[in-house]
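# Report on the structure
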Amino acid sequence: MANILNNKRFWKNALRIAIPVAVQNMLFSSFTLIDTLFVSRLGDISLSAVGMSSQWGMLMNITTFGICSGAGVLVSQYWGVKDKKNIHKTLGIALCAALLISLLFFSMSLFFPQAVIGIFNKNPEVISEGKRYISMICFVYPSLVINDVLSTVLRSTERVKLPMYTAVVITGLNTFLDYCMIFGKFGFPEMGVRGAALATVISEWIGTLAIIIISLIERNIIIAPFSSVFSFGKAELKLFFKKAFPVMCNETLWGLGTFVFNVIFANMGYEYYASITILKTFENIAFVFFIGFCSASSVMIGKSVGRGEIKTAVDDSRRFLYLVPFVSAIVGIIAIVFRAPIVNLFDMGDNISELTLSTAKNLIIIYSLDLPFRMLGFTFIVGIFRAGGDTLSAAKFDLGALWLASIPATLIAAYVLKLPFLVCYIVMFIFEDIIKLIFSILHYKKLKWINPVTEEGKKALKEFSYE
């Protein structure tokens, strides 16, 4: 392990990409953490309602992530040969697709908020509070997807600091507005959960405008004439959806699977779901380490494959596969040791029940023990297979483990065997992560995940032999 990781080029490139991406995601996770901490002071009902509303938005984010991941596969390989023309066309296709998705979720949330919240829980108080939140937060959806697409293109072309700086603005502004609008400080009206939503809408739109304005000043890769960005034709659409469609289906169906899990657990009791909301907030923070590594892996491997440097791509993939489980084990141990103070942060207003708090502590233990397996599978699917151009196999392994194993097993555990909540949560992890990891390892060894889209990459692959 020491020998394979002893490579200065690898560490220089990996850290140059991973650190800004990790910082950006840490800021966004802090954004979520602050929202959750403030809302937790309003009690279990508000915390659960906001958590359920957020899962609806998460489904949109996951679908958009599929679009962005597909775009990232193409952009990183095009960047390897500095093909700006095709980068701009890919940007245009991704923007159009993502905005269509956001408008669908926006319309459902604005016009049918009760139906959306009712999917998760039938408690009238939860539905009432959730309606107030989701009918306001939906105005942030177009901004979120624009930001995601622009940030993906910037990261895939190794311009990683601008999204990070934007995240600083968004997080700082949201923290201030949350405090003012939820509790009625500094002359603002006291708005409760609706204030939390409005604070997010304002800060996110300002962040999106900031990234566009700074890009205009810098004249970076995302700035191009409309005729260049939206001049894509059938050939570009065919290639984009050939690579992106499996990822979009993957993320959409994975999001629906997560949606199913949320419905299962939400209907086991709103206090249990409030504990999941606490776990998700912690999970977002723990995840930032691996988002950084995975982004670095995706850009470095995609760029190398696009250039035709196939051996470099394989060597770097092996380095990430050693690094990720090692770091995840350390993060997991720290989380288990400090689980009590982590959870107690959410009880500052003494409005959270003991059942919610104790369940959240146990969920952190379960999540932390599973973390090395989950993050290794995530690295295979998102950071290696997709970057190499093999989006179809990545989708098969990800969705097969989820829909053919984990969801049926969890449904049986919850509704047939009627097992306790924590046992059902363990079943969900085991049947998804372990099965996915086994198939990913077997596929990785065959090296069939290397599928270039550039002529340089295709030529090099024909001549490649890995010793």
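Residues numbered from 1 in each chain as written. Predicted model: local features only at pLDDT ≥ 70, side-chain atom pairs only at ≥ 80, totals over all residues. Heavy atoms only, no water.

### Observations regarding the overall build of the protein chain
For the record, the criterion: Runs of H or I in DSSP of at least four residues are treated as helices and runs of E of at least two as strands, each being numbered from the N terminus. Only protein chains enter the accessibility calculation, which uses a 1.4 Å probe. A residue is then buried if its area is under 20% of the maximum for its type, exposed if over 50%, and partly exposed in between. Contacts between residues were defined by any pair of non-hydrogen atoms, one from each residue, lying within 4.5 Å. Computed by Shrake-Rupley with a 1.4 Å probe, the accessible areas treat only the displayed protein chains as cover when residues are assessed. Only four residue types enter the charge count, namely Lys and Arg as positive and Asp and Glu as negative; His and the chain termini do not. Lys charges are placed at NZ, Arg charges at CZ, Asp charges at CG and Glu charges at CD.
For the protein chain, the helix and strand inventory stands at 18 helices and zero strands. Taken over the C-alpha atoms alone, the protein chain extends approximately 65 × 50 × 40 Å along its principal axes. Within the protein chain, the proportion of its 467 residues that are buried is 59%. Relative to all contacts within the protein chain whose residues are 6 or more apart in sequence, the contacts with residues 24 or more apart total 84%. Carbon and sulfur atoms form 68% of the exposed surface of the protein chain, whose accessible area is close to 19,000 Å². Separation of charge centres in the protein chain, based on 41 positive and 30 negative side chains, amounts to 8 Å.

### Considerations on the packing of helix α8 (residues 161-183) against helix α9 (residues 193-218)
Definition in use: Think of each axis as a best-fit line through the C-alpha atoms, taken over the contacting stretch in the case of a helix, with angles from 0 to 180 degrees between the N-to-C directions. Oblique is the label for any angle not covered by the other classes, which are roughly parallel (under 35 degrees), roughly antiparallel (over 145) and roughly perpendicular (65 to 115). Here a crossing is taken to be left-handed if its near helix is turned anticlockwise relative to the far helix by less than a right angle, and right-handed if that turn runs clockwise. Each residue gets one of three labels, nonpolar for Ala, Val, Leu, Ile, Met, Phe, Trp, Tyr, Cys and Pro, charged for Asp, Glu, Lys and Arg, and polar for the others, Gly among them.
Taken N-terminus to C-terminus, the directions of α8 and α9 make an angle of 155°; their axes are 8 Å apart at the nearest point. When the interaxial angle is binned, α8 and α9 end up roughly antiparallel. Of the two possible hands of crossing, α8 and α9 adopt the one that is right-handed. Taken together, the residues of the contact of α8 with α9 sort by class into 14 nonpolar, seven polar and three charged.

### Section: the packing of helix α7 (residues 141-156) against α9
For the pair α7 and α9, interaxial distance at closest approach is 9 Å and the crossing angle is 35°. Crossing hand, α7 versus α9: left-handed. Residues Pro142, Ser143, Leu144, Ile146, Asn147, Leu150, Ser151 and Leu154 of α7 lie in contact with α9, whose contacting residues are Glu204, Trp205, Gly207, Thr208, Ile211 and Ile212. Along the lines of polarity and charge, the residues of the contact of α7 with α9 split into eight nonpolar, five polar and one charged.

### A look at unusual backbone geometry
One non-glycine residue, Glu158, lies in positive phi territory at about 65°. As for its position among the elements, Glu158 is in the loop between α7 and α8. The phi angle at Arg219 is positive, at roughly 55°, despite the residue not being glycine.

### Digging into the nonpolar core
Quick note on the threshold: Residues grouped as a nonpolar core are buried Ala, Val, Leu, Ile, Met, Phe, Trp, Tyr and Cys residues, joined through side-chain atoms within 4.5 Å.
Of all hydrophobic cores here, the largest spans 138 residues; its most connected members are Tyr141, Phe265, Phe385 and Tyr425. Counting residues per element, this core draws most heavily on helix α12 (residues 270-307), at 16 residues. Apart from residues no more than four positions distant in its own chain, Phe385 is found in contact with Phe380, Asp390, Thr391, Ala394, Phe397, Ser440, His443, Tyr444 and Trp449.

### Side note on the packing of aromatic side chains
How two aromatic rings sit relative to each other is given by the distance of their centres and the angle of their planes. We count it as follows: Stacked, edge-to-face and tilted are the three classes for Phe, Tyr and Trp ring pairs, Trp counted by its six-membered ring, which pair at centre distances within 6.5 Å; planes under 30 degrees apart are stacked, over 60 edge-to-face, the rest tilted.
Tallying each qualifying case throughout the model produces 20 aromatic pairs. An aromatic cluster is built from Phe261, Phe265, Tyr272, Tyr367, Phe421, Tyr425 and Phe429, whose rings are joined through pairwise contacts.

### As for the state of the cysteines
We count it as follows: The definition used for a disulfide is geometric: two cysteine sulfur atoms within 2.5 Å.
Following the criterion strictly, the structure yields zero disulfides and no others. Looking at the unpaired Cys68, the closest cysteine sulfur is the one in Cys96, lying at 13 Å. On the basis of relative accessible area, Cys68 is assigned to the buried category, the value being 6%.

### As for the environment of Ala286
The residue Ala286 is located in helix α12 in this model. According to the relative accessible area criterion, Ala286 is buried, its value standing at 3%. Taking the C-alpha atoms as reference, Ala286 lies 8.5 Å from Gly332; in sequence the two are 46 residues apart. Those residues in contact with Ala286 that sit more than four places away from it in its chain are Val331 and Tyr367.

### A closer look at the environment of Leu37
In this structure, Leu37 sits in helix α2 (residues 8-40). For the pair Leu37 and Val81, spaced 44 residues apart in sequence, the C-alpha to C-alpha distance is 46 Å.

### Side note on the pattern of salt bridges
Stated precisely, the cut-off is as follows: Salt bridge criterion: a side-chain nitrogen from Lys or Arg within 4 Å of a carboxyl oxygen from Asp or Glu.
Under the definition given, this model contains 15 salt bridges. For Asp316, the salt bridge is made with Arg319, and the minimal N-O distance between the two is 2.9 Å. Here the residue Asp316 and the residue Arg319 both occupy positions in helix α13 (residues 310-337), the gap between them amounting to three residues, near one helical turn. With respect to burial, Asp316 and Arg319 carry one shared label: buried. For Asp370, the salt bridge goes to Arg374, with nearest N and O atoms at 3.5 Å. Residue Asp370 and its partner Arg374 are both found in helix α15 (residues 354-385); the two are separated by four residues, about one turn of the helix. Each member of the pair, Asp370 as well as Arg374, carries the same accessibility label: buried. One connected set of salt bridges, linked through shared partners, spans Asp370, Arg374, Asp398, Glu432, Asp433 and Lys436.

### So, the side chain of Asp433
So the rule is basically this: N or O atoms within 3.5 Å of each other form a polar contact, as long as, within protein, one can give a hydrogen and the other can take it, and as long as residues adjacent in sequence are counted only when both atoms are side-chain atoms.
Here Asp433 lies in helix α17 (residues 421-446). Side-chain polar atoms of Asp433 contact the side chain of Arg374, separated by 3.0 Å.

### As for α7
Just so we agree on the cut-off: Multiply 1.5 Å by the residue count of a helix minus one, and that product is the helix's expected span.
The end-to-end C-alpha distance of α7, which contains 16 residues, comes to 23 Å, matching closely the 22 Å that a straight helix rising 1.5 Å per residue would cover. Along α7, 15 of the 16 residues are buried, which leaves the element largely enclosed by surrounding structure. Just past α7, the residue Glu158 takes up positive phi, approximately 65°.

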